[in-house]
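Remarks on the overall topology
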Amino acid sequence: MSDPSSSLNDVFINDVLPLGWRRLRLTLEWDGTGFNGWQVQSQGERTVQGALEAALEPLGAHSRPMAAGRTDTGVHALEMPVHVDVSTQISSISVQRALNSRLPPDVRVLHCDEVTSEFHARFSCKWRSYSYRIFNSPIPSALERDRALWIPQRLEIAPMRNAAQHLIGRYDFAAFATKEERQTVREVLACDVRAIPTRHRREQQRSIEVSITGESFLRHMVRGIVGTLLEVGTGKLQSADLERILHSRDRGQAGPNVAAHGLYFAQGGFEAWHDQVKKPVVQEVSGF
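Let me sum up the structure you'll find in this document.

Per the stated rule, a full pass over the model turns up seven aromatic pairs. Between W30 and W38 the ring centres are 5.9 Å apart and the planes differ by 25°, which places this aromatic pair in the stacked class. Here W30 and W38 have matching classes, each one buried. Ring pairs connect the aromatic residues Y130, F217 and F265, which therefore count as one cluster. One Lys or Arg, R46, reaches over the ring of F35 and ends 4.0 Å from the middle of that ring. The ring of Y264 carries the charged tip of R133 above its face, separated from the ring centre by 5.3 Å.

In structure tokens, the structure reads:
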């Protein structure tokens, strides 16, 4: 690499940074409503990566930020690990403050720490957790319209939870993927469905979370799984049908992809999953 400061496209992945450069690990939170996903787009659409690059610009030369996962248009993030190589020598806390002062209000840097050049937000990540939020109520919520999927029909959580257990393990998840050209075998480490404890809920109103953790995911895999679990919750499918659908590898047998606005990248982990506290990651979102 000739001049590391010449291009934002340059990312140092050979464990050797130019003299005076540092690698920083950022933890980002964002509201995906106004973004065309994480990754910079060729037509200049508004993206989280693009917003972060613009905020980094006044700090001097830097590499292109790399995230633990890519999110689609409308998908939110609670704790997205990101790394970036920078030439600035100001402290990590000063970088965090500088970025938050320049980022738009729908993106925030929650943490910023210096790490070794061996750390890579994507390739070092051993597991990723997603959460999908559902607002289960006869009447839609004005506050949750961009944060959770509204389902007016009463959902039966117990069958959904039982169905989710059929997905844990290493399987071919082609039945839940959309236009996926990669190999479709993935390992789901955890999958659960539960009501989220809330305050000030009216009668017949519930917030429900589907949480799923795996090493990696196929295109729209989480949204396809949630759409299928919802068919269990409404009685269109039985819990045991998930096993049949999974082994069919037929996308037509599974439920539809749910909308993106209920999906959250919850967390990425850099130690083995079984070394972690195995419980769903739940964070308060405005209105829940």
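The discussion continues.
Before going further, it helps to examine the pattern of salt bridges. Under the defined criterion, the tally for this structure stands at eleven salt bridges. Between R46 and D106 there is a salt bridge; the shortest N-O distance is 2.9 Å. Highlighted residues: R46 in the loop between β1 (22-30) and α1 (48-56) and D106 in the loop between α2 (92-102) and β4 (107-115), separated in sequence by 60 residues. On the basis of relative accessible area, R46 is assigned to the partly exposed category, the value being 36%.

What counts and how
- Residues numbered from 1 in each chain as written.
- Predicted model: local features only at pLDDT ≥ 70, side-chain atom pairs only at ≥ 80, totals over all residues.
- Heavy atoms only, no water.
- Phe/Tyr/Trp six-rings, centres within 6.5 Å; stacked < 30°, edge-to-face > 60°.
- Buried < 20%, exposed > 50% of the residue type's maximum accessible area, 1.4 Å probe, protein only.
- Lys NZ or Arg CZ within 6 Å of the ring centre and 35° of its normal.
- Salt bridge = Lys/Arg side-chain N within 4 Å of Asp/Glu carboxyl O.
- Helix = DSSP H or I, 4+ residues; strand = E, 2+ residues; numbered from the N terminus.

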